[in-house]
Amino acid sequence: MTDRRYLRAAMGVAHDSLRGQVEAEHFVAGTWHRVAVALADLRAAPDGARDRQLLLGTRFCVVTVQDRWAFGFDDPEGYCGWLQEAALGADHPVSHFVATPATHAYPAADMKTPEVMALSLGAQLQVIGEQGKFLQTPQGFVPASHLQPLSEPLSDPVAAARSLLGTPYLWGGNSRGGIDCSGLVQIARRVCGLQSPADSDFQQVMPGQDIAHEELRTGDLIFWKGHVAMVSGAGTILHANATHMAVVEEDLEAAIARIAPSDGPVVRRLRA
């Protein structure tokens, strides 16, 4: 795939996986790290436009560093871009993920202490202890009821997406603080152990069963050119959109009619 978002090469340096496929001055194995902040912008270029956001604990392979910006790709998708080098820490095990729309890490097992970090659905942490109703992590104490073992993913992506209703729309956003259409679908599926491309324009290569409009059922995905929504029930969809500037649940046919003038007709209906 030659799209820059999946091309593991920049500034004359390429990942070893591209040997024989691209020309580069240097090929490297890369160094694995973890995102060490609550949320990090993944940019198209150093200090450039945001493509996506990566949550705490996301594994990231650094291919090259230029002026305190690290270029590489995330795991598991392999999405490429530039992160501020300061947003990365050493690679380490993770054991749990945030299973609620949002939560906080505290300096002590006490909800009355000032929080040290806000965390969003899907953030990954290493649990190293337990104290009362809190689990201890390197970032602080997190309510145990808000975390779930990575070995026990959620079971309903529609419920996960619905939990983010009202989240403000943010281009390239991936968190409770702000999210876009593909970010919503990706995180709702990812916390259920399902994968989804980070950007809606990759709908043509996303694997799954193409279905007719009358066959749509809960959990199916509907793609327009530049937009994606999740079927949430009979005749309804969940999506983050710029009309409402938020995650909303609305009538499917009304949404199709409203979206048509800007993004055209539906281009794919997918059971993934």
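Residues numbered from 1 in each chain as written. Predicted model: local features only at pLDDT ≥ 70, side-chain atom pairs only at ≥ 80, totals over all residues. Heavy atoms only, no water.

(A) Structural detail: the pairing of strand β25 (residues 246–251). Pairing geometry for strand β24 (residues 236–241) and β25, over six bridges, is antiparallel. Bridge pairing links T236 to D251 in β25. Here β24 folds back onto β25, and the loop between the two strands holds four residues, one of which, M245, carries a positive phi near 55°. (Pairing = 2+ DSSP bridges. Helix = DSSP H or I, 4+ residues; strand = E, 2+ residues; numbered from the N terminus.)

(B) Fine view of the sheet that holds strand β14 (residues 124–125). Spatial strand order, β14-β11-β18: three strands in an open sheet with antiparallel pairing. Every other strand in the sheet has two partners, leaving β14 and β18 (147–149) as the edge strands with one partner each.

(C) Highlighting the side chain of S200. Relative to the helices and strands, S200 resides in the loop between α2 (181–190) and β21 (209–210). Take S200: its relative accessible area is 9%, and that puts it in the buried class. At a separation of 3.5 Å, a polar atom in the side chain of S200 contacts the main-chain carbonyl oxygen of G226. At 3.4 Å, the side chain of S200 and the backbone nitrogen of H227 are in polar contact. Those residues in contact with S200 that lie beyond four places of it in its chain are C181, S182, F223, G226, H227 and V228. (Buried < 20%, exposed > 50% of the residue type's maximum accessible area, 1.4 Å probe, protein only. Polar contact = N/O pair within 3.5 Å; in protein donor to acceptor, adjacent residues only side chain to side chain. Contact = heavy atoms within 4.5 Å.)

(D) Local environment of the sheet that holds strand β1 (residues 9–10). Spatial ordering of the open sheet is given by β1-β2-β3, a layout of three strands whose pairing is mixed. With one partner strand each, in any of the chains shown, β1 and β3 (26–28) form the two edges of the open sheet. Here three bridges tie strand β2 (residues 13–15) to β3, and the two strands are oriented parallel to one another. If you follow V13 over to β3, its bridge partner there is H26.

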